[in-house]
Amino acid sequence: MFDACVKHPCEPFAGFDCDLVIRKIRRTKSKLHMLFLALWALACAQAIAAEPTPGPKTLPAPKRVVIPKLHGSVKIDGELTESVWTNAATLQPFYENDGSGKEREHTELRLWYDDTALYLGWICRDIDIQATFTNRDSKFWEEEVVEMFITPKALDKYFELQWNPLGGVFDAIITNTLDAKGISKAFEGDWSFTAKGMKSAVKLKGTPNDSNDKDEFWQVEVMLPFVDLGQTTPKAGDVWRGNFYRFNRTKGLPVEQLSWSPTLLPGFHQPNRFGFLEFGSFQ
Ligand SMILES: [Ca+2]
Ligand SMILES: [Ca+2]
Ligand SMILES: [Ca+2]
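Residues numbered from 1 in each chain as written. Chains lettered and ligands numbered in written order. Predicted model: local features only at pLDDT ≥ 70, side-chain atom pairs only at ≥ 80, totals over all residues.

Visitor: Quick question: what am I supposed to make of the overall build of the chain here?
Guide: For the chain, the helix and strand inventory stands at 2 helices and 14 strands. By the burial criterion, 32% of the 283 residues in the chain qualify as buried. Residue pairs in contact within the chain that sit at least 24 positions apart in sequence constitute 63% of those at least 6 positions apart. (Helix = DSSP H or I, 4+ residues; strand = E, 2+ residues; numbered from the N terminus. Buried ≥ 20, exposed ≤ 12 C-beta atoms within 10 Å, placed from the backbone. Contact = placed C-beta atoms within 7 Å.)

Written out as structure tokens, the structure is:
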């Protein structure tokens, strides 16, 4: 509308200062434009502020795995060479826990169980292995570590177990306070818990804490008796909740906070986002 007037001369309006009218119209147009932009920015800001934090139920479903029940003896020495490992469930690859992408290197976790225990076989490709802690219940997540969070039932109370490249072990029972949407508000750990019957061993190829050369991998073999978790052997079809995580560091690059089933919420301690661990039948 304004452009139409500007394009056409103002002859019918003799006595008017046509240029002045056009300048006023342009100023008015400019002010309206600014006002429109300001209102639009305000509306956008309000929309962003009003956008609710996504609840666990609005996010993609967590992953699910069937853990096979197998029979086979293993020597817990860090070597995953026993034939039973080839029939285990395999979880791979791992992803950034915030959903921002796939891991830089490669993580693989093998899982199976028998009448007495759950078995985990971790294989972590790693060109720069970084670990110095060895004491039980060290803050391994400040270096490099793989972790399992697992619960047979309640989501606000679960076990946290960790293994690092030097054979270090962390075990605790976590109590997590969840809000109405099921998002973690706060959590605390009872580090005095000890998985007394658990056995684990590491095999490593590389030179930890020397970033000038290129390492290859570290792996962990774990046998965790169900009795350590206060449980009897699960029946086929039982479903527990759990997730598997890894902290990976590489000199000069951001720390990777990896998970099998990304929580897509802040942090690893989001039990409503744990995966579904179904115990399978005997194979
Ligand atoms: Ca072995
Ligand atoms: Ca402990
Ligand atoms: Ca590393």
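Visitor: When you look at the environment of S281 in this model, what are you seeing that I'm missing?
Guide: Looking at where S281 falls in the secondary structure, it is placed in strand β14 (residues 275–282). Of the residues examined, S281 has 10 C-beta atoms within 10 Å and is grouped as exposed. Excluding residues that lie within four positions of it along the chain, S281 makes contacts with K69 and A236.

Visitor: Help me understand the nonpolar core, please; the structure alone is not making it clear to me.
Guide: Note that soluble globular proteins tend to have their nonpolar side chains buried in a common cluster. Formed by 47 residues in total, the largest nonpolar core has its most connected members in L109, L111, W112, Y119, L120, W122 and W163. At 7 residues, strand β5 (residues 117–125) tops the list of elements feeding residues into this core. Those residues in contact with W112, other than ones at most four positions away along the chain, are I67, P68, L70, V84, N87, A88, A89 and Y119. (Core = buried A, V, L, I, M, F, W, Y, C linked by C-beta atoms within 7 Å.)

Visitor: For this particular structure, what's the right way to read the pairing of strand β7 (residues 157–163)?
Guide: Each regular strand carries side chains that alternate between the two faces of the sheet. Along β7, 6 of the 7 residues are buried, which leaves the element largely enclosed by surrounding structure. Examined bridge by bridge, strand β6 (residues 145–151) and β7 share 5 bridges and lie antiparallel to one another. Note on β7: the bridge partner recorded for E147 is Q162. The hairpin turn running from β6 into β7, its antiparallel successor, is 5 residues long. Two strands pair when backbone bridges link them, and β7 and strand β8 (residues 169–178) are joined in this way by 7 bridges, in the antiparallel orientation. Residue pairing in the sheet places F159 in a bridge with I173 of β8. Between β7 and β8, which follow one another and run antiparallel, lie 5 residues, and G167 among them has a positive phi close to 90 degrees. (Pairing = 2+ DSSP bridges.)

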